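# What the coordinates show
So the chains spell out like this:
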Amino acid sequence: DFARTELLPGVIERDEKQIFPAEQVRKMGELGFLGMMVDPKYNGGGMDTISYVLAMEEISKIDASASVVMSVNNSLVCWGLEKFGTEQQKEKYLKRLATGEIIGAFCLSEPEAGSDATSQRTTAVDKGDHYLLNGTKNWITNGNSASVYIVMAQTDPDKKHKGINALIVEKDMEGFTVGPKENKLGIRGSDTHSLMFSDVKVPKENRIGEDGFGFTFAMNTLNGGRIGIASQALGIASGAYELALEYSKQRKAFGVEIAKHQAIQFKLADMATQIEAARMLCLKSAWLKDQKQDFSEAGAKAKLYASQVAMDTTVEAVQIHGGYGYVKEYHVERLMRDAKITQIYEGTSEIQKIVIARSLLK
């Protein structure tokens, strides 16, 4: 209901003009969508991961730019803080993040360190009671709209990935600059920026975990993030399928509705089957996470498959719409553009295959 009444109006204009859905995100916070899995004692919804998957799918059917805000805040920021943060960090940041009073950002990717998280060029030099942070982060979702940023930085290069730390940075810290907004193919309403840090003083109490825990923190957090993005891809696919199904019952060709032509029926059958399979993979990975079992392989499978289904389904949805599918008012061209990013962020499809293969071969 929220997606259809609050997100659908204006979604085309927000995409075209790259408008961040600030008012809609505020309402998402009020409804509890931004801290769904957080313990109620930290102002969260206390829900399970399966509930999160269901909500992510529905929001993503309409507006993937809004759902990626929801995914980052839930999967990467809130979950990471609740799982690994100190009680002081949870009181100071998590309670406000869970209600949407503020939103967060997860800062791992760099110009030369995207999928290779071990090659952090951003540095955090230990100065006793604080770290001195310098470097650049790329492709950061919620880059300008966030108030709290979890930043991965290298403290001890000799230790390689064991020398990386995760630091909580506040937007108003001196030396922190937000770069221009990226002009993207899809999820154009999403707030994607580069971030620059120049001698930013980050207090020691803002480090998450022990010294050198940053890489482990990032990998654990990304495992959960894959479930969120798989659910986003699922929602994009199912949204495109629903539009194509409805259109096929209305559009006539050769004297009958195109849904009566076998060529269209085959497309719809393939789309529905693939979406259902993707949904099962998403729910399985969520269930494993809720059962506190190893879900890394399942999450990678869900993200790999659902993102491919999102691309295939949206392309077919445009095809079923014909010429109308190529214009903005029918929504499917936007969903097709949005689908592509699900194969890239939270690790490319190739990265997911490496995760899956390593699990199979362990």
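Quick note: structure is the one above.
Residues numbered from 1 in each chain as written. Predicted model: local features only at pLDDT ≥ 70, side-chain atom pairs only at ≥ 80, totals over all residues. Heavy atoms only, no water.

Time to look at the overall build of the protein. The helix and strand tally for the protein stands at 11 helices and 10 strands. Scaling as 2.2 N^0.38, a compact globule of 362 residues should have a C-alpha radius of gyration of about 21 Å, and the protein matches this with 21 Å. Its C-alpha atoms give the protein principal-axis dimensions of roughly 80 × 45 × 40 Å. Classification of the 362 residues of the protein by burial places 53% in the buried group. A separation of at least 24 residues holds for 73% of the contacts in the protein among residues at least 6 apart in sequence. Put simply, the protein has 44 plus and 47 minus side-chain charges, and the middle of one group is 3 Å from the middle of the other. (Helix = DSSP H or I, 4+ residues; strand = E, 2+ residues; numbered from the N terminus. Rg over C-alpha atoms; globule rule 2.2 N^0.38 Å. Buried < 20%, exposed > 50% of the residue type's maximum accessible area, 1.4 Å probe, protein only. Contact = heavy atoms within 4.5 Å. Lys, Arg positive; Asp, Glu negative; His and termini not counted. Charge placed at Lys NZ, Arg CZ, Asp CG, Glu CD.)

A few words on the packing of helix 8 (residues 262-290) against helix 9 (residues 296-321). Put simply, helix 8 and helix 9 touch, their axes get as near as 9 Å, and they point 155 degrees apart. With respect to helix 9, the axis of helix 8 lies roughly antiparallel. Helix 9 is crossed by helix 8, and the crossing has left-handed handedness. (Axes fitted to C-alpha atoms, helices over the stretch in contact; angles between N-to-C directions. Parallel < 35°, antiparallel > 145°, perpendicular 65-115°, else oblique. Left-handed = near helix turned anticlockwise from the far one by under 90°.)

Following the criterion strictly, the structure yields 10 aromatic pairs and no others. The interplanar angle of 35 degrees and the centroid separation of 6.4 Å between the aromatic rings of F106 and F217 together place this pair among those described as tilted. Of this pair, F106 sits in strand 1 (residues 104-107) while F217 sits in helix 7 (residues 214-250); the two residues are 111 residues apart in sequence, bridging distant segments of the chain. Comparing F106 with F217 shows no difference in burial state: the two are buried. With a centroid separation of 6.1 Å and an interplanar angle of 85 degrees, the aromatic rings of Y247 and Y330 are classed as edge-to-face. Note that Y247 is positioned in helix 7 and Y330 in the loop between helix 9 and helix 10 (332-341), a separation of 83 residues in sequence. An aromatic cluster is present here, built from W79, F84, F106, F213 and F217 joined pairwise through their rings. Above the ring of Y131, the side-chain terminus of K204 is found at 5.3 Å from the ring centroid. (Phe/Tyr/Trp six-rings, centres within 6.5 Å; stacked < 30°, edge-to-face > 60°. Lys NZ or Arg CZ within 6 Å of the ring centre and 35° of its normal.)

In this section: unusual backbone geometry. Even without a glycine there, the phi angle at I187 is positive, about 30 degrees. When you line up the elements, I187 lands in the loop between strand 6 (176-181) and strand 7 (192-203). Within the chain, K292 stands out as a residue other than glycine whose phi angle is a positive 60 degrees.

By size, the foremost hydrophobic cluster in this structure holds 65 residues, and its most contacted members are L81, F106, I150, M152, F217 and I320. Taken together, the elements giving at least two residues each to this core come down to helix 5 (64-84), helix 6 (87-99), strand 4 (148-154), strand 5 (164-170), helix 7, helix 8, helix 9 and helix 10. The element that contributes the greatest number of residues to this core is helix 7, accounting for 15 residues. Setting aside its immediate chain neighbours within four residues, L81 contacts Q89, K90, Y93, L94, L97, I150, I168 and I208. If you look at the next biggest cluster of nonpolar residues, it comprises 37 residues, including V25, F33, C107 and Y131. (Core = buried A, V, L, I, M, F, W, Y, C linked by side-chain atoms within 4.5 Å.)

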